[in-house]
Amino acid sequence: MDNKVMSAVIDSVRVLSAEAIEKAKSGHPGTPLGAAPVVAELFGRHLKHNPKNPSFFDRDRFVLSAGHASSMLYVMLHLCGYDIALEDLANFRQLRSKLPGHPEWGVTPGVETSTGPLGQGIANAVGFALAEKVLAARFNKPGMPLVDHFTYAFCGDGCMMEGISCEAAALAGTWKLGKLIVIYDKNDVTIEGGIDGVADEDVGARFASQGWQVLECPDGNDTEAVGAALTLAKADTERPTLVIVRTTIGYGTSKAGSASSHGAPLGADCFAGLKEALGWKEAPFTAKKETAAFTAEVCAAGAGAESDWNKLCRAYKSAYPEEYAEFLSWIKGKAPDLARDEEFLAAVPAGDDATRNHSGKLLNYLAGRMPNLIGGSADLGPSNMTIMKDREYYSASSPTGTNIHFGVREQAMAAVCNGIALHGGFRPYCSTFFVFADYMKGSLRMTALMNLPVLYILSHDSIGVGEDGPTHQPVEQLVMLRSVPNIRVWRPCDGRETAAAYASHFTGKHPTALVTSRQKLVSPAGTDVERALRGGYVLADSSKETPDVILMGSGSEVGLLVEAKKLLEEKNVDARVVSVPCMEEFEAQKESYKESVLPSSVRARVAVEAGSSLSWGKYVGLDGMTVCKDDFGASAPAALLFEINRFTAADVAQAALKSVRKAAKQ
């Protein structure tokens, strides 16, 4: 690819990116103008990808962690030959556009992950690189590198300021992810201006101390220097590499070097000045004609790379048919249909126990059946019960290990699992204490936004944590998780309901939060895996066709409902007990089923849960009552905390009587 063609590509990226933003009247032109030569060099001369088949498995992955520079990525993908037309660029940031304001996975061909919250993309890239390394260690054979690709992440100063980048970089260095390359577009400007006095640290030294190779390019316009750095980065497969490229934000305009070019259109005069400076004569939304040669060369190289890989696959299949079949099943994400699996149902733990223990038994059962299960905890595996006992731990020296030590890094842990899920080949899970779900909320939100099949196992679920006190007792976290679209939040009361949570997650392809107890729970009579899969069901019914009152709840409080029903019987009040382990699954049921469980004719209702009452308003209605926890806990033995916070059968029965009297007045 000659320099004239490359120059035309760079100019086209700059002008078309700015032009799309001008037409949309919103966007971020500064980074595309400064970093266009960097991405042109990467996509044109280094990245292994096939624009005509973006899902080609052994492609290199590119993650735009600085997601606000989306117009740059979209133009680059267009010039490479992806299914992005000039008309799409003209429709940038508009309703139902193929090109949203920040990259969204599943919307734009060539976009590997949704980005925008700064730093998330770096941690996603660590997940991509980890998945590549473990798959390669498991399946590659001498002379047959079935899995052999790099992961690139492009980030800016803002990404480096976010704490998640430090968490993720430490993991990548420790894990020796030598096929991870992070390009740091260092233009020293953010929304509020220059970063002097805000980010004076030596980022290169930080990464070097974390085990990275660090390379510097003092001029981002020097594509030969950028290319040489990328070549050196690929040569060191023992260490991840940070390539620091110094660029000028808003390059080529009167706003160069200014924060005013970061997050707003250039304006007509400034944009006209850019085109004049570049000698741009093309019609609106038209690339330079020389870019056609770039497109042809990139497409030909991509088709050749995929063809070579397909030949390798055929040879591998011939030599190792069983392992090739297993490889295909891994990358297709297959999992047993647990909801109808007799072997799984026979393994469901019974009896009284903490649901974290039930979860641990089920996880280890599945580990024996799903070799592509991978995951771990934020340094709490023995407490969360998330260690796969017959699996080795991943390390640089044991790259086939699928137990993952994430260390105390909740936010990066979740984002890494997102990257693993997006890469393909594994079903990931991660875990911590439920109260620390707050630390990983940003990453968890991205899981839900992309609807990725990541399993979150969150133990120590209520004031039942006890003596550790209010800092460790989650009271508002259930509401927080339930408010997030797409994720299914399970709070089971025993082994059968815990099994339903696992069946729901692995039978489907959606994110799940499994919230488990620290303390031992009594397994109520009547729990059932199949009925629990509907999210809410009648656990113990009234003797009347229409009950006097409905008692509902989840997890550790379901046992209280059963006890309260007995107390109410002594007062000639007939109660129905409804277990609601997963509100999202219950809401997905037909209206007729929901009416059969919670008949609208019964206005006397009580919801019981050792957490915030906010989740239950739509179920208890105007005449209902809640026995919940709407303030913080205290440091004391768990049994005492449940007693003083009204979580007793007597308190539930008293609330039921009040609701019955209130409903009777209507």
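Look above for the structure.
1. Here's the deal with unusual backbone geometry
Working step 1: With a phi angle near 50°, Phe 285 is a residue other than glycine that sits in the positive phi range.
Working step 2: Along the chain, Phe 285 falls in the loop between helix H10 (268-278) and helix H11 (291-319).
Working step 3: Exposure remark for Phe 285: the relative accessible area of 14% places this residue in the buried category.
Working step 4: In this model, Asn 572 sits at a positive phi of 60°, which is unusual for a non-glycine residue.
Working step 5: Mapped onto the elements, Asn 572 comes out in the loop between helix H21 (558-569) and strand S16 (575-579).

2. Some details on the pairing of strand S13 (residues 512-515)
Working step 1: Side chains Thr 512 and Leu 514 project from S13 onto one buried face, and the interleaved Ala 513 and Val 515 project onto a second face that is buried too.
Working step 2: Sheet analysis places strand S11 (residues 455-459) next to S13, joined by four bridges and oriented parallel. Looking at the pairing, Leu 455 lines up with Thr 512 of S13.
Working step 3: Sheet topology places strand S12 (residues 488-490) next to S13; three bridges connect them, and they run parallel. Paired with Arg 488 across the two strands is Thr 512, which belongs to S13.
Working step 4: Read as a crossover between parallel neighbours, the route from S12 over helix H19 (residues 495-507) to S13 is right-handed.

3. Re H19
Working step 1: Look at H19: 18 Å from first C-alpha to last across 13 residues, which is about the 18 Å you get at 1.5 Å a residue.
Working step 2: When you tally the buried positions in H19, you get eleven out of 13 residues, the bulk of the element.
Working step 3: Those residues of H19 that sit buried are Gly 495, Glu 497, Thr 498, Ala 499, Ala 500, Ala 501, Tyr 502, Ala 503, Ser 504, His 505 and Phe 506.
Working step 4: In this structure Asp 494 caps H19, since a side-chain oxygen of it lies 3.2 Å from the backbone nitrogen of Arg 496.

4. Some points on the sheet that holds strand S1 (residues 61-64)
Working step 1: Strand order across the open sheet formed by five strands is S1-S2-S3-S7-S6, with parallel pairing between neighbours. Of all the strands in the sheet, the pair left with one neighbour each is S1 and strand S6 (213-217). Neighbour to neighbour, the strand axes of the sheet diverge by 20° on average, direction disregarded.
Working step 2: Sheet analysis places strand S3 (residues 180-186) next to strand S7 (residues 241-246), joined by six bridges and oriented parallel. Along S7, the bridge assignment pairs Tyr 184 with Ile 244.

5. Things to note about the pattern of salt bridges
Working step 1: Under the criterion given, the structure shown has 34 salt bridges.
Working step 2: When the shortest N-O distance is used, the salt bridge between Glu 41 and Arg 45 registers 2.8 Å. Highlighted residues: Glu 41 and Arg 45, both in helix H2 (residues 30-45), separated by four residues, approximately one helical turn.
Working step 3: The buried category is assigned to Glu 41, whose relative accessible area is 3%.
Working step 4: Two residues, Arg 246 and Asp 188, come together in a salt bridge whose shortest N-O distance is 3.8 Å. One end of the pair, Arg 246, is in strand S7; the other, Asp 188, is in the loop between S3 and strand S4 (189-190), and 58 residues separate them in sequence.
Working step 5: For Arg 246, a relative accessible area of 35% translates into the label partly exposed.

6. Here's the deal with the side chain of Lys 179
Working step 1: Along the chain, Lys 179 turns up in the loop between helix H7 (163-174) and S3.
Working step 2: Note on Lys 179: relative accessible area 17%, which makes it buried.
Working step 3: In this structure the side chain of Lys 179 is engaged in a polar contact, spanning 2.4 Å, whose partner is the side chain of Asp 148.
Working step 4: Apart from residues lying up to four places away in sequence, Lys 179 is in contact with Glu 132, Asp 148, His 149, Phe 150, Thr 151 and Thr 237.

Cut-off values and rules
One numbering rule holds for all chains: residues counted from 1, following each sequence as written. Since the coordinates come from a predicted model, pLDDT governs what is reported: local features require at least 70, and pairs of side-chain atoms require 80 or more to be given and counted, while whole-chain, interface and lining totals use all residues. The side-chain quantities take in all heavy atoms of the structure and omit both hydrogens and water. Strands here mean DSSP runs of E at least two residues long; helices mean DSSP runs of H or I at least four residues long; both are numbered from the N terminus. Partly exposed residues are those whose accessible area sits between 20% and 50% of the maximum for their type, while under 20% is buried and over 50% is exposed, using a 1.4 Å probe and protein chains only. By this definition, two strands are paired if DSSP reports at least two bridges between them. Crossovers are described as right-handed under a simple rule: with the strands pointing away from the observer, the path leading from the first strand over the helix to the second runs clockwise. To estimate how far a helix should extend, the number of its residues minus one is multiplied by 1.5 Å. Here a polar contact is recorded for every N or O atom pair within 3.5 Å, except that within protein the pair must consist of a potential hydrogen donor and a potential acceptor, and residues adjacent in sequence are included only if both atoms are side-chain atoms. Every axis corresponds to a line fitted to the C-alpha atoms, with the helix fit spanning only the stretch in contact, and the corresponding angles, defined between N-to-C directions, vary from 0 to 180 degrees. Note on definitions: salt bridges are taken to be side-chain nitrogens of Lys or Arg within 4 Å of carboxyl oxygens of Asp or Glu. The contact rule is simple, with two residues in contact once any of their heavy atoms fall within 4.5 Å.

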